Amino acid sequence: MEHLNKALMVLSATLLLMAPLLMASDPDPLQDFCVADLNGKPSVNGYPCQPSSSAGDEFLFSTKIASGGDPLANPNGSNVTELDVNEWPGLNTLGVSMNRVDFAPGGTNPPHVHPRGTEVGMVTRGELLVGIIGTLDSGNRYYSKVVRAGETFVIPRGLMHFQFNVGKEPATMVVSFNSQNPGIIFVPLTLFGSSPPIPTPVLVKALRVDAEVVELLKSKFTGGY
């Protein structure tokens with residue numbers, strides 16, 4: 001009996017340790033497909049399903065990222081064409097999504113985090129410096145490499161990262177996520193463009209700069225990217 005109790009304790013502890021891993025991605029679908037009714041209210045597993053009779057075949061296909069936007073349309077010199085569940089309702093409950101990002105020479109996809117998804121990317125044109133910053137566990141280590149057309153990279157879920165066009169020509173990458181809505185937190189915009197704003201004394205203390213510097217940075221991010 002004592003051995004049985006010990007075995008049960010070990011099994012219980014193992015299950016508890018595995019629980020975060022089992023819950024680390026979107027919930028599994030319960031049907032072949034569930035085309036999102038974007039007028040419905042999303043739940044834990046995504047949007048409500050459209051009736052199968054009205055879904056058609058087109059939910060399985062998309063041309064959304066066949067072409068990209070103008071990377072010079074914003075100060076970052078990059079343009080993100082999203083292909084998440086809101087842009088492609090057929091992804092609903094499937095736990096995947098994609099983006100296309102186009103870069104002007106010198107353009108950047110600023111430091112950001114995807115809180116709900118791991119990212120796998122491929123550079124399809126040009127060359128990009130891909131930078132990844134580890135957590136405090138790794139000593140905030142900075143990992144980087146210039147990734148060229150045809151080469152790939154991976155960004156672990158929740159780690160800060162960026163891409164920067166180091167070439168003299170435009171660049172493009174296509175990325176995928178293991179979430180239908182991976183989310184994004186742009187670090188500069190979050191710190192200096194939140195609504196309502198983070199109190200200046202907090203940022204002064206955290207960043208170890210004068211209040212004038214914080215106010216200048218806040219003025220750069222009023223209204224978003």
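Residues numbered from 1 in each chain as written. Predicted model: local features only at pLDDT ≥ 70, side-chain atom pairs only at ≥ 80, totals over all residues. Heavy atoms only, no water.

- Under an unreviewed UniProt entry, the name given to the chain is Germin-like protein, and the source organism is Urochloa decumbens.
- In its Subcellular location (unreviewed entry) section, the UniProt record describing the chain reads: "Secreted, Extracellular space, Apoplast". (UniProt positions renumbered as here; feature names shortened; annotations may be inferred.)

1. Examining the pattern of salt bridges
So, point 1. Inspection of every chain in the model, using the stated rule, returns four salt bridges.
So, point 2. Here Lys64 and Glu87 are joined by a salt bridge, their closest N and O atoms 3.4 Å apart. Here Glu87 lies in the loop between strand E1 (78–83) and strand E2 (97–103) and Lys64 lies in the loop between helix H2 (52–55) and E1, a separation of 23 residues in the sequence.
So, point 3. On the basis of relative accessible area, Lys64 is assigned to the partly exposed category, the value being 38%.
So, point 4. Taking relative accessible area as the criterion, Glu87 reaches 38% and is therefore assigned partly exposed.
So, point 5. Close ionic contact of Asp102 with Arg125 constitutes a salt bridge, the shortest N to O distance being 3.8 Å. Placement of Asp102 in strand E2 and of Arg125 in strand E4 (residues 119–125) is noted, with a sequence separation of 23 residues between them.
So, point 6. Note on Asp102: relative accessible area 4%, which makes it buried. (Salt bridge = Lys/Arg side-chain N within 4 Å of Asp/Glu carboxyl O. Helix = DSSP H or I, 4+ residues; strand = E, 2+ residues; numbered from the N terminus. Buried < 20%, exposed > 50% of the residue type's maximum accessible area, 1.4 Å probe, protein only.)

2. Describing the UniProt feature "binding site: Mn(2+)" (unreviewed entry) in the chain
So, point 1. Mapped onto the present numbering, the UniProt feature "binding site: Mn(2+)" (unreviewed entry) falls at His112, His114, Glu119 and His161. For the residues just named, distributed over 50 residues, the greatest C-alpha separation is only 12.0 Å, placing them together at one site. Residues from the annotated list that form part of the lining of the second largest pocket: His112, His114 and Glu119.
So, point 2. The topology assignment puts His112 in strand E3 (residues 108–113).
So, point 3. His112 sits in the buried class, given a relative accessible area of 1%. (1 Å grid on protein atoms, 1.4 Å probe; cavity = no way out; pocket = protein on both sides within 12 Å on 5 of 7 lines; lining within 4 Å.)

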